[in-house]
Amino acid sequence: GNIYSGKFVKAITSLTNPGAELDWGVPFTSRPIALKGYVDYRPGTVNKTNAPYTGMSGKTDVGIIQAFITDWSAPFRISTSSGKFVDTANDPGIIAYGSMDLNKTNGYIEFTVPLTYRSTTRKPTYIVIAAAASKYGDYFTGSTSSVMYVDEFSLVYDPSQLTEEQLAKVKYK
């Protein structure tokens, strides 16, 4: 499963090409430097795959938590059936981005995901926060037994709350 800021638009009911449409992002105008919270992650063995991730079959699943600030004019419409996803590496509307891949935890652990700023002059309009028990679940690849619990998400604005290593990733000036 997954959780994200935005809204579910509709299911695509098709026997040959099922999927969903999601609007990622909610209005937002500030500049946090990190996302903090707690996560408990129990990955299963990948038992569902789809191209191009068929080589992951039988491997341990990986989870993901990600956050990004954008200057989009509207939420991003994801369409899993047509393969339309946010390209976090190249989307010109992304002002800041941070992510964390997850492996098995032994109960809840605290996490911090620094947001690396690509621009500090553009005005933020949306924020996306997403967590998925299967990193490649959008591509129908993952484990049906992976479980992720998240709690106490918060945005960090005070640089003193980050380590020097985390702060170096922010690149906020």
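A brief look at the structure comes next. From a predicted model like this one, the values you see are computed outputs, not experimental measurements.

**Digging into the sheet that holds strand β9 (residues 109-114)**
At step 1: The strand order across the open sheet built from three strands is β9-β5-β12, with neighbouring strands paired in antiparallel fashion. Unpaired on one side and paired on the other, β9 and β12 (147-156) mark the two borders of the sheet. Each strand of the sheet is rotated relative to its neighbour by a mean of 25°, with strand direction disregarded.
At step 2: Note that strand β5 (residues 34-42) and β12 share eight bridges and pair antiparallel. Each residue of the ladder has a partner; that of Val39, found in β12, is Val150.

**Concerning the sheet that holds strand β3 (residues 19-24)**
At step 1: Pairing is antiparallel across the open sheet formed by three strands, whose spatial order is β2-β3-β7. The outermost strands of the open sheet, each flanked by one partner alone, are β2 (6-12) and β7 (76-79). Between one strand and the next, the sheet's axes are offset by a mean angle of 15°, whatever the strand orientation.
At step 2: In terms of strand pairing, β3 meets β7 through four bridges, oriented antiparallel. Directly across from Leu22, in β7, lies its bridge partner Ile78.

**Description of the nonpolar core**
Soluble globular proteins tend to pack their nonpolar side chains together in the buried interior.
At step 1: Formed by 24 residues in total, the largest nonpolar core has its most connected members in Leu35, Val39, Ile65, Ile69, Tyr117 and Met148.
At step 2: Looking at this core, the elements that each hand over two or more residues are β5, β6 (63-70), β8 (94-102), β9, β11 (126-132) and β12.
At step 3: Leave out the neighbours within four places in its chain, and Val39 touches Ile65, Leu102, Thr105, Gly107, Tyr108, Ile109, Phe111, Met148, Tyr149 and Val150.

**Brief notes about unusual backbone geometry**
At step 1: Following Ala51, the chain continues to Pro52 via a peptide bond in cis, the omega torsion being 10°.
At step 2: Following the sequence through the fold, Pro52 ends up in the loop between β5 and β6.
At step 3: At Phe140, a position not held by glycine, the phi torsion is positive, near 55°.
At step 4: Mapped onto the secondary structure, Phe140 falls in the loop between β11 and β12.

**A look at the pairing of β6**
At step 1: Of all eight residues making up β6, eight are buried, and the element is well covered by its neighbours.
At step 2: Where burial is concerned, the two faces of β6 agree: the one with Gly63, Ile65, Ala67 and Ile69 and the one with Ile64, Gln66, Phe68 and Thr70 are both buried.
At step 3: Examined bridge by bridge, β6 and β8 share eight bridges and lie antiparallel to one another. Its bridge partner being in β8, Gln66 is matched across the sheet by Ser99.

Rules and cut-offs
Residues numbered from 1 in each chain as written. Predicted model: local features only at pLDDT ≥ 70, side-chain atom pairs only at ≥ 80, totals over all residues. Heavy atoms only, no water. Pairing = 2+ DSSP bridges. Helix = DSSP H or I, 4+ residues; strand = E, 2+ residues; numbered from the N terminus. Axes fitted to C-alpha atoms, helices over the stretch in contact; angles between N-to-C directions. Core = buried A, V, L, I, M, F, W, Y, C linked by side-chain atoms within 4.5 Å. Buried < 20%, exposed > 50% of the residue type's maximum accessible area, 1.4 Å probe, protein only. Contact = heavy atoms within 4.5 Å.

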